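Residue-level structure breakdown
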Amino acid sequence: KRMAHSKARATDGKVTYPPGVKEISDKISKEEMVRRLKMVVKTFMDMDQDSEEEKELYLNLALHLASDFFLKHPDKDVRLLVACCLADIFRIYAPEAPYTSPDKLKDIFMFITRQLKGLEDTKSAQFNRYFYLLENIAWVKSYNICFELEDSNEIFTQLYRTLFQVINNGHNQKVHMHMVDLMSSIICEGDTVSQELLDTVLVNLVPAHKNLNKQAYDLAKALLKRTAQAIEPYITNFFNQVLMLGKTSVSDLSEHVFDLILELYNIDSHLLLSVLPQLEFKLKSNDNDERLQVVKLLAKMFGAKDSELAAQNKPLWQCYLGRFNDIHVPIRLECVKFASHCLMNHPDLAKDLTEYLRVRSHDPEEAIRHDVIVSIVTAAKKDLSLVNDALLNFVKERTLDKRWRVRKEAMMGLASIYRKYSLQGEGGREASKQISWIKDKLLHIYYQNSIDDRLLVERVFAQYMVPHNLETAERMKCLYYLYATLDTNAVKALNEMWKCQNLLRHHVKDLLDLIKKPKTSAFNSVSAGNLPDPGKAQDFVKKLAQVLDDDERIRDQLETLVSPTCSCKQAEVCVRDITKKLGSPKQPSNPFLEMVKFLLERIAPVHIDTESISALIKQVNKSIDGTADDEEEGVPTEEAIRAGLELLKVLSFTHPVSFHSAETFESLLGCLKMDDEKVAEAALQIFKNTGSKMEESFPHIKSVLLPVLQAKAKRGPPRQAKYAIHCINAMFSNRDTHFPLHKGLDPANLEQLITPLTTLGHLAQLAPEQFAAPLKSLVANFIVKDLLMNDRIPGKKTTKLWVPDDEVSPETLAKIQGIKLMVRWLLGVKNNQSKSGNSTLRMLTAILHSDGDLTEQGRMGKPDMSRLRLAAACALLKLAQEPCYHEIITLEQYQLCALVINDECYQVRQCFSQKLHRGLCRLRLPLEYMAVFALCAKDPVKERRAHARQCLVKNVNIRREYLKQHAAINKLFSLLPEYVVPYTIHLLAHDPDYVKVQDIEQLKEIKEALWFVLEIIMAKNENNSHAFIRKMVENIKQTKDAQAPTDPKTNEKLYTVCDVAMHIIMSKSTTYSLESPKDPVLPSCFFTKPDKVGPKSANVLGAVNKPLSTAGKQLQSKASRMETASNDDSSSNPGSPQRSKTRYKTCDAHPHHVTLHVTGWTSKPKFKP
């Protein structure tokens, strides 16, 4: 009844104003209108929903206030006050608003929305009224009335846009909260969220907008969090349209879908529950760019710090991992880059990533292999526990990559990990232990052939392993413990590194000396092999010589740098000055300066000077006194001392002058008196290397040292006795009077015999003029008759072929020393006038003949026989290195010696091949000894075969390098590796296992042995060497075996081996038939002179050689040569060399020229080398 009454009241159009408020119309001034409206606002503010009377009373006023007069009023203060009234009217009259027309409602809400723009200016006087307006409509949820309106979407969209526009950092938490309340009620209580409305929210998450208005981003984020459940279907629908159906027109935000997914995921992952599976589909898209975008997106989602995505969505994670193997390079690259974030933020995923990173570390694309290393190393540097051993292993493998950039990254990565966890000890003991292999690995790279790698190892060593900027004592402590914990190969590499640097210092010294002399052009001393890019290095050396010639200051600085007395601090100054001088004026790229820096880096003593050696010795003394932190560093004290002295020993070769201080020498004297034999040995060697100035500079040391040395030479252990003799020889001028002499030798006391024999042997070698004559009778009577020809003590019966050194009987040790003494005595005499050489050689071969048991009474044990065989063989090798004895070694003796490489005892084979290799590497042993390695082809142990192959490769390379450096044409015969072929053929023809000339199995073995050598020699066909080798083999078939020129079987064997060799050459080479570059010379002591040929035969020979040099007939000649008929079948192809040889031999009637009956082979399958 009352509502009807009020409606009646309203329709009569009379507007009732609150008490004291006159009519509000356009007749009054603006100020008056504002004043009256404020009172109206106050009235509505004080009313609440229960004030039925007043609601009725002011209904017409409410309707009046919604008229266009107010809604379109030009004054903003008026509009604000009207909006506040309207907001209160909605509050008071809720849930039934007094306005019924949809158009009117739309106008009112659009009007209120426009007023909300006033929130923007927080400093304005009216701000509180605007805030009141916001608070009111938010609290009452007034806008919810619009759900029923057709234009609701337009109203809401406008409201959202307005709020996102006005929010700024001047607003407090309450403003933010009311805005969220207002907007969330529309989403949560409405039936639908239009795409347009969704866009107004999402647009604030796009990176460009996000950066422009952080507050709007926060507002959108808060809104989405609040309404996650309600809005999720609409978000899903949006992504579904764009991602799956490709309808990009549905929204302007289509191009930002991936950015939006990331933002939404970070706000609340529930928003994307149904979207993530769509990404899995997108990862398999055919469009490279699309896959790349998804991969980039997922990398951020999986890699984010607190992301649980991988655990929550396993299929997506697995699908993502699959992209590590994508065909598109940028995608693989992206995955690999992601790996480091993932490892750092999600250590638990490391095991999933490991296998994929392993495959990528072998990627054909260099950049990807490079980035795998960067990813792993970055994570490892953050925290070592983030990377497992397998991942570090990938980095280790890449240090041998074929591309320099990858190798460099891997080495530098390992170096920085080593410095952080091992040197600076950041991860504690465990971490240091986990990466202890790095130091060895980095040094092993010094074995690589590339100069870049070696230079980098030198740099890494100086900056990361033993940082040169440490204080001297600290630096030496670091070096001391490093050296003590390196493995043997790393130690060898480090020693080699110092040797190379030392050699280069000498080269530079030579260069400086050359410049001082009258002009010469011999500037090759700083060989190109010591610098990167050998092609340019030659020009560099010339330019350097020019600079040094012109600039005296630089020359002086360089002289200081390479002088042995240069200290590390001085070196730093010199390097700085030289680079500064050459670096001005500044140029963008200065290749000459770069090369100079490389050179200086290699020759500057950054670690070792007199002060350093002194500090190192102090460190050793600390270990000896027990005051060092050996245990703390994880090194047993004995090992530390031993390694320290080994280190000093190496440095005494490369930096002898740095040892010249009384303090150093006194400490070394102390070491001589220690019980540890290794320590005393090392100290003796150091004295030998560094004591050249001892007499004049340190007489007080000499007076103490000499008696110690003499005592060691008389009664010390054999090795120390040997070094003591060498010390006396190296240090003192009137040494004849200093050498200790032994009174008598008593064969009854074998143990005390060993040292005197050692001492005498070295005396005979070092001072033959004094000792050679008196020792002759000792050798003849005592060594041979008393010692070697007698077995005093029966050997232990055992089936073993070898026992450790400490179990060898004293008698055997004495016999070995006796053999060594004989050899050293001969090496001292250096002539064979007395024919002692011949008798010694006969003696040694007798030992080999009898398997080491010279008396052949069977009293010796097998291990002792092995030792003596080895000693005799090594003695032969020693004598072969001296030209006057090499001449008298017969072929039989040489062959017997060679067979030791096939000895039944593994250790004998091993030691013998090492000695053989050493003699060959020093270019001391003649070339025929290189052929001995061919016999290793039949060694049953794989390591021995591999070692023999390495030895051959190294020796071939050494000789080729030597021939390049020295134009030694006269030495060609003794150096050119190809000349090993005739020796190999001869040796194999005399192999005792080769009994039946045509036996297939034996020929297979010979083929293997020949290929063992030929494979390495034919690897490079420089100067047409294949044709040269072919010619050599052909020439051998024109000769006879010098060892038994008249024995048909011996010669037949020789030619058969030649045929096998020829077969290999022809099957493995395509250029063998070309002209031979030179006519090969065959060694005359192995082969007789070629058969004399009459003029007629010479023509035949011409015809024979023709097919070899014309490519057209090559095939036919090859076939005919392999299918040669027997000796008496004269109808076979005359184009074959062997055929014609047979003819040519029949004229000469030599029955011993027999060719290989290939028919014997061809029925069986041919074997391939």
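Residues numbered from 1 in each chain as written. Predicted model: local features only at pLDDT ≥ 70, side-chain atom pairs only at ≥ 80, totals over all residues. Heavy atoms only, no water.

The protein chain is annotated in an unreviewed UniProt entry as PDS5 cohesin associated factor B from Lates calcarifer.

**Things to note about the overall build of the protein chain**
Secondary structure assignment for the protein chain yields 58 helices and zero strands. Counting only residues that meet the buried cut, the protein chain has 54% of its 1169 residues in that class. Put simply, of all contacts in the protein chain between residues at least 6 apart along the chain, 72% involve residues at least 24 apart. As displayed, the protein chain offers around 53100 Å² of accessible surface, 52% of which is attributable to carbon and sulfur atoms. (Helix = DSSP H or I, 4+ residues; strand = E, 2+ residues; numbered from the N terminus. Buried < 20%, exposed > 50% of the residue type's maximum accessible area, 1.4 Å probe, protein only. Contact = heavy atoms within 4.5 Å. Areas by Shrake-Rupley, 256 points an atom, 1.4 Å probe, with all protein chains shown as cover.)

**Concerning the environment of serine 254**
Structurally, serine 254 can be placed in the loop between helix H14 (228–244) and helix H15 (257–267). Sequence separation between serine 254 and glutamine 241 is 13 residues; the distance between their C-alpha atoms is 9.3 Å. Apart from residues no more than four positions distant in its own chain, serine 254 is found in contact with Val242, Lys247 and Thr248.

**Quick word on the packing of aromatic side chains**
Evaluation of the coordinates by the stated rule reveals 19 aromatic pairs. Residues tyrosine 480 and tyrosine 481 carry aromatic rings whose centres are separated by 5.0 Å and whose planes lie at 70° to one another, so their mutual orientation is edge-to-face. The class of tyrosine 481 is buried, set by a relative accessible area of 5%. On the basis of an interplanar angle of 85° and a centroid distance of 5.6 Å, the ring pair of tyrosine 979 and phenylalanine 1028 is categorised as edge-to-face. In this pair, tyrosine 979 is assigned in the loop between helix H50 (972–975) and helix H51 (980–989) and phenylalanine 1028 in helix H53 (residues 1025–1036), connecting sequence segments 49 residues apart. (Phe/Tyr/Trp six-rings, centres within 6.5 Å; stacked < 30°, edge-to-face > 60°.)

**Describing helix H8 (residues 127–140)**
The first and last C-alpha atoms of H8 sit 20 Å apart over 14 residues, in line with the 20 Å expected at 1.5 Å per residue. By the burial criterion, the buried members of H8 are Phe127, Tyr130, Phe131, Tyr132, Leu133, Leu134, Asn136, Ile137 and Ala138. Tucked into the core, H8 has its buried residues touching helix H2 (30–46), helix H6 (76–93), helix H7 (102–115), helix H9 (152–166) and helix H10 (173–189). Taken from the residues just after H8, lysine 141 is the one with a positive phi, measuring 55°. (Expected span 1.5 Å × (residues − 1).)

**Here we look at helix H20 (residues 329–345)**
Helix length check: H20 (17 residues) gives 25 Å between terminal C-alpha atoms against 24 Å at 1.5 Å per residue, within 8%. For H20, the tally of buried residues reaches twelve of 17 residues, placing the bulk of the element in the interior. Summarising the contacts, the buried residues of H20 are in contact with helix H17 (288–303), helix H19 (314–322), helix H21 (350–360), helix H22 (366–382) and helix H23 (389–398).

**Observations regarding a nonpolar patch on the surface**
On the surface, a nonpolar cluster with roughly 300 Å² of combined accessible area is contributed by Met244, Leu245 and Phe281. With respect to the helices and strands, the residue methionine 244 is situated in helix H14. (Patch = residues over 30% accessible without salt bridge, like charges linked within 9 Å, V, L, I, M, F, W, Y side chains within 5 Å. Salt bridge = Lys/Arg side-chain N within 4 Å of Asp/Glu carboxyl O.)

**Structural notes on the environment of isoleucine 617**
Mapped onto the fold, isoleucine 617 is located in helix H34 (residues 610–625). Isoleucine 617 gets classed as buried once you look at its relative accessible area, which sits at 5%. Each C-alpha atom of the pair isoleucine 617 and phenylalanine 665 lies 9.4 Å from the other, and the pair is 48 residues apart in sequence. Contact partners of isoleucine 617, with chain neighbours within four places excluded, come to Leu648, Thr664, Ser667 and Leu668.

**Overview of the nonpolar core**
The biggest cluster of nonpolar side chains holds 342 residues, and the ones touching the most others in it are Tyr143, Phe239 and Tyr320. For this core, the element with the highest residue contribution is H6, accounting for 13 residues. Beyond its immediate chain neighbours, meaning those up to four positions away, tyrosine 143 contacts Phe109, Ile112, Thr113, Leu116, Ile137, Ile155, Phe156, Leu159, Leu182 and Ile186. Core analysis: the next-biggest nonpolar cluster, separate from the first, contains 30 residues, Val547, Leu558, Cys574 and Ile603 among them. (Core = buried A, V, L, I, M, F, W, Y, C linked by side-chain atoms within 4.5 Å.)

**What to know about unusual backbone geometry**
Of note, the phi angle at lysine 830 is positive, near 60°, even though the residue is not glycine. In this fold, lysine 830 is placed in the loop between helix H43 (810–829) and helix H44 (836–849). For aspartate 851, which is not a glycine, the phi torsion comes out positive at approximately 60°. With respect to the element layout, aspartate 851 can be found in the loop between H44 and helix H45 (862–880). Aspartate 851 gets classed as partly exposed once you look at its relative accessible area, which sits at 41%.

**With respect to the side chain of threonine 472**
Inspection of the secondary structure assignment puts threonine 472 in helix H28 (residues 472–485). Beyond its immediate chain neighbours, meaning those up to four positions away, threonine 472 contacts Glu611, Ser612 and Ala615.

**What about the pattern of salt bridges?**
All told, the structure shown has 48 salt bridges when counted by the stated rule. When the shortest N-O distance is used, the salt bridge between arginine 226 and aspartate 181 registers 2.9 Å. Remark: aspartate 181 occurs in helix H10 and arginine 226 occurs in helix H13 (residues 214–226); sequence separation between them is 45 residues. The salt bridge involving glutamate 663 is made with lysine 618; its shortest N-O contact spans 3.4 Å. Residue glutamate 663 is found in helix H36 (residues 662–672), and its partner lysine 618 is found in helix H34; the two are separated by 45 residues along the sequence. The class of lysine 618 is partly exposed, set by a relative accessible area of 47%. Three or more residues are tied together by salt bridges with common partners; here these are Glu32, Arg35 and Arg36.

**As for the side chain of histidine 655**
Within the fold, histidine 655 resides in the loop between helix H35 (637–654) and H36. One polar contact links histidine 655 to threonine 654, side chain to side chain, over a distance of 2.8 Å. The residues contacting histidine 655, other than those within four sequence positions of it, are Arg505 and Ile608. (Polar contact = N/O pair within 3.5 Å; in protein donor to acceptor, adjacent residues only side chain to side chain.)

**Brief notes about the packing of helix H27 (residues 451–465) against helix H29 (residues 488–516)**
It is the contact of H27 with H29, at a shortest axis distance of 11 Å, that shows an interaxial angle of 105°. As summarised for this structure, H27 and H29 are arranged roughly perpendicular, according to the angle between their axes. Two secondary-structure elements touch here, H27 through Arg454, Glu458 and Phe461 and H29 through Leu494, Glu496, Met497, Trp498, Cys500 and Gln501. A breakdown of the residues in the contact of H27 with H29 according to their chemical character gives five nonpolar, one polar and three charged. (Axes fitted to C-alpha atoms, helices over the stretch in contact; angles between N-to-C directions. Parallel < 35°, antiparallel > 145°, perpendicular 65-115°, else oblique. Nonpolar A, V, L, I, M, F, W, Y, C, P; charged D, E, K, R; others polar.)

**Describing the packing of helix H16 (residues 276–283) against H17**
Packed helices, taken two at a time, are described by the angle their axes make and the gap between the axes. Between H16 and H17, the least distance of the axes is 9 Å, while the angle of their chain directions is 135°. Taken together, the axes of H16 and H17 are oblique relative to one another. Crossing hand, H16 versus H17: left-handed. Facing H16, whose interface residues are Leu276, Leu279, Lys282 and Leu283, H17 presents Glu290, Arg291, Val294, Val295, Leu297, Leu298 and Met301. The residue makeup of the contact of H16 with H17, split by class, is eight nonpolar, no polar and three charged. (Left-handed = near helix turned anticlockwise from the far one by under 90°.)

**Here's the deal with the environment of isoleucine 435**
Structurally, the position occupied by isoleucine 435 is in the loop between helix H25 (428–434) and helix H26 (437–444). Isoleucine 435 sits in the buried class, given a relative accessible area of 0%. In sequence terms isoleucine 435 and leucine 384 are 51 residues apart; their C-alpha atoms lie 9.2 Å from each other.

**Overview of a negative patch on the surface**
A surface patch of negative charge is lined by Asp48, Asp50, Glu53 and Glu54. Note on placement: glutamate 53 falls in helix H3 (residues 52–57). Judged by relative accessible area, glutamate 53 falls into the exposed class, the value being 62%. (Lys, Arg positive; Asp, Glu negative; His and termini not counted. Charge placed at Lys NZ, Arg CZ, Asp CG, Glu CD.)

**Concerning a positive patch on the surface**
Taken together, the side chains of Lys820, Lys830, Lys878, Lys915, Arg918, Arg922 and Arg924 make up a positively charged region of the molecular surface. Within the secondary structure layout, lysine 915 lies in helix H48 (residues 906–921).

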